[in-house]
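Listed here are the chains, written in short residue letters.
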Amino acid sequence: MAAPKVAVVGAGLIGLSTALCIVETCPSCSVAVLSDQFSPNTTSDVAAGILIPHTYPGTAIHVQKQWFKETFTYLFAISNSAEASESGIHLVSGWQIFKNTPKEESPFWSDVVLGFRPMSKAELQKFPQHQFGQAFTTLKCDCPPYLLWLEKRLKAAGVQMYTRKVSDLWELHSEYNVVVNCAGIGAHHLVGDEKLFPIRGQVVEVHAPWVKNFIRDADGSTYIYPGIHRVTLGGTREKENWSLSPDPDTTKDIFDRCCSLEPSLQGAQDVKVKVGLRPSRQSVRLNREVLSQGGVKLLVVHNYGHGAGGFSVHRGTAKEAARLVGECIAALRGSSSRAKL
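This structure is a prediction, so every number in the text was calculated from the model and none was measured. (Residues numbered from 1 in each chain as written. Predicted model: local features only at pLDDT ≥ 70, side-chain atom pairs only at ≥ 80, totals over all residues. Heavy atoms only, no water.)

**Section: the UniProt feature "binding site: FAD" (unreviewed entry) in the protein**
And then number 1: According to UniProt, the positions carrying the feature "binding site: FAD" (unreviewed entry) are Thr-43, Ser-44 and Val-166.
And then number 2: Position of Ser-44 relative to the elements: it lies in the loop between strand S2 (30–35) and helix H2 (61–79).
And then number 3: On the accessibility criterion, Ser-44 (14% relative accessible area) is buried.
And then number 4: Ignoring anything within four residues of it in the chain, the contact list for Ser-44 reads Gly-12, Leu-13, Cys-143, Leu-147 and Phe-311.
And then number 5: Of note is the side chain of Ser-44, whose polar atom sits 2.9 Å from the backbone nitrogen of Leu-13.
And then number 6: Owing to a relative accessible area of 10%, Val-166 belongs among the buried residues under this scheme.
And then number 7: Beyond its immediate chain neighbours, meaning those up to four positions away, Val-166 contacts Val-9, Leu-34, Glu-171, Leu-172 and Leu-190. (UniProt positions renumbered as here; feature names shortened; annotations may be inferred. Helix = DSSP H or I, 4+ residues; strand = E, 2+ residues; numbered from the N terminus. Buried < 20%, exposed > 50% of the residue type's maximum accessible area, 1.4 Å probe, protein only. Contact = heavy atoms within 4.5 Å. Polar contact = N/O pair within 3.5 Å; in protein donor to acceptor, adjacent residues only side chain to side chain.)

**Remarks on the layout of surface pockets**
To locate leftover empty space, one rolls a probe as large as a water molecule over the atoms.
And then number 1: Taken as a whole, the second largest pocket holds about 380 Å³ of empty space.
And then number 2: Taken together, 17 residues form the lining of the second largest pocket, with Pro-53, Thr-55, Gln-96, Arg-216 and Ala-218 sitting closest to its centre.
And then number 3: In terms of residue class, the lining of the second largest pocket is made up of 9 nonpolar, 4 polar and 4 charged. (1 Å grid on protein atoms, 1.4 Å probe; cavity = no way out; pocket = protein on both sides within 12 Å on 5 of 7 lines; lining within 4 Å. Points joined across faces, edges and corners; volume = space filled by probe spheres on them. Nonpolar A, V, L, I, M, F, W, Y, C, P; charged D, E, K, R; others polar.)

**Notes on the environment of Gly-310**
And then number 1: Structurally, Gly-310 can be placed in helix H8 (residues 310–340).
And then number 2: Residues Gly-310 and Ala-47 lie 263 residues apart in sequence; the distance between their C-alpha atoms is 8.9 Å.
And then number 3: The residues contacting Gly-310, other than those within four sequence positions of it, are Leu-13, Ile-14 and Tyr-56.

**Here's the deal with the nonpolar core**
And then number 1: Val-6, Val-31, Leu-75 and Tyr-146 are the most contacted members of the largest nonpolar core, which totals 66 residues.
And then number 2: Every residue in contact with Leu-75, bar those within four places of it in the chain, is listed here: Leu-51, Ile-89, Leu-139, Cys-141, Tyr-146 and His-314.
And then number 3: Core analysis: the second largest hydrophobic core is formed by 21 residues, Trp-95, Ile-97, Ile-215 and Cys-258 among them. (Core = buried A, V, L, I, M, F, W, Y, C linked by side-chain atoms within 4.5 Å.)

**A closer look at the side chain of Thr-222**
And then number 1: As for its position among the elements, Thr-222 is in the loop between strand S9 (214–217) and strand S10 (223–226).
And then number 2: There is a polar contact of 2.9 Å between the side chain of Thr-222 and the side chain of Arg-257.
And then number 3: With residues up to four places along the chain from it excluded, the contact list for Thr-222 reads Ile-215, Arg-216, Asp-217, Gly-234, Gly-235, Arg-257, Cys-258 and Leu-261.

**What to know about empty space enclosed by the protein**
And then number 1: In the structure shown here, the tally under the stated rule is 1 cavity of 30 Å³ or more.
And then number 2: Computed from the structure, the largest cavity encloses a volume of approximately 40 Å³.
And then number 3: If you go around the largest cavity, the residues you meet are Pro-53, His-54, Tyr-56, Gln-64, Phe-68, Phe-108, Gly-309, Ser-312 and Val-313.
And then number 4: Across the lining of the largest cavity, the residue classes break down as 5 nonpolar, 4 polar and no charged.

**Structural notes on unusual backbone geometry**
Most peptide bonds take the trans configuration, and most residues that are not glycine carry a negative phi.
And then number 1: Between Ser-39 and the following residue, Pro-40, the backbone shows a cis peptide bond with an omega angle of 15 degrees.
And then number 2: Inspection of the secondary structure assignment puts Pro-40 in the loop between S2 and H2.
And then number 3: With an omega of -5 degrees, the peptide bond running from Gly-234 to Gly-235 counts as cis.
And then number 4: In this fold, Gly-235 is placed in the loop between strand S11 (231–234) and strand S12 (238–239).
And then number 5: The phi angle at Glu-240 is positive, at roughly 60 degrees, despite the residue not being glycine.
And then number 6: Residue classification places Glu-240 among the exposed residues on the basis of a relative accessible area of 52%.
And then number 7: Notably, Asp-270 is not glycine yet its phi reads approximately 55 degrees, a positive angle.
And then number 8: Relative to the helices and strands, Asp-270 resides in strand S13 (residues 269–293).
And then number 9: Classification of Asp-270 by relative accessible area gives partly exposed; the value is 45%.

**Observations regarding the packing of aromatic side chains**
And then number 1: For the structure on display, the rule yields 11 aromatic pairs.
And then number 2: Taken together, Trp-109, Phe-116, Phe-136 and Phe-214 form an aromatic cluster joined through their ring pairs. (Phe/Tyr/Trp six-rings, centres within 6.5 Å; stacked < 30°, edge-to-face > 60°.)

**Side note on the packing of helix H1 (residues 13–25) against helix H5 (residues 143–156)**
And then number 1: Across the interface, H1 lies against H5 with an axial gap of 10 Å and an inter-helix angle of 30 degrees. It follows that H1 is roughly parallel to H5 by the angle criterion. At the point where H1 passes H5, the crossing takes the left-handed sense. Note on element contacts: H5 touches H1 through Tyr-146, Leu-147, Leu-150, Glu-151, Arg-153 and Leu-154, opposite Leu-13, Leu-16, Ser-17, Ala-19, Leu-20 and Glu-24.
And then number 2: The residue makeup of the contact of H1 with H5, split by class, is 8 nonpolar, 1 polar and 3 charged. (Axes fitted to C-alpha atoms, helices over the stretch in contact; angles between N-to-C directions. Parallel < 35°, antiparallel > 145°, perpendicular 65-115°, else oblique. Left-handed = near helix turned anticlockwise from the far one by under 90°.)

Have a look at this one:
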């Protein structure tokens, strides 16, 4: 069998990471990335990119923990390498704070991040409205540089990038042996997934170089995440809102909420507003599917629906998707060798 041709649909964080894992695990493949949008115009470019997992109700906790651990290990190695600056990955310490003490004082991921511990009384004095908190060190990805770093790695490995809008996966059946669907919110129309819905996120980026620690209200509504050059302030979680237009009232609300946690942000400058649609469902869709028309078959792997937690698990789910692609290729080789007998 000639080198199997694999198309990855989608060039956000999930698509690029999945393409890279396929190249690493199936070096004999010819891989192409097809997308109507590349960085800086993807949903991933808006993401705050901090590694604090969100729980997927429809996915077993041990699976989520494995995805997070693989992602953390991978990015931690990059943060300790000469690639750290170019890739936009760095360690950041800070606090997750609670108005009321949670039932579980240690989340499932507490032993993956670094130095996880309850906050001291002295630390909590900084946040008089909150009565409990967790201190730890995690990783932060500055998203646009990380996406460009992934693109550079893919191009060096011979992966082709095509600006192309795919309206139906079946249109690729004559060109590719396996198609990987990493279309994010686009999968709603591309494969008619009714379980997938947008959660609109608006964030504010500011220049405030004195802010060094992250602060996250535990309900996830308000957060301050310092990056290498800018600080991301958030945020919103608006279910079923498809609007990509920034809302000035929301910008003011985000800014006021963040200033209540970190008053020095009143002096922040150079405000930029970004909006993205998180592709959300009860669980990440990560599976194989065989499409067939008139006796012709197309092997498909789905990897989408990461919602607000994509950065925390992207490498883990990409590795799993690449493993499924390997299974598809083994099945193709099996059928082609049987056809020769």
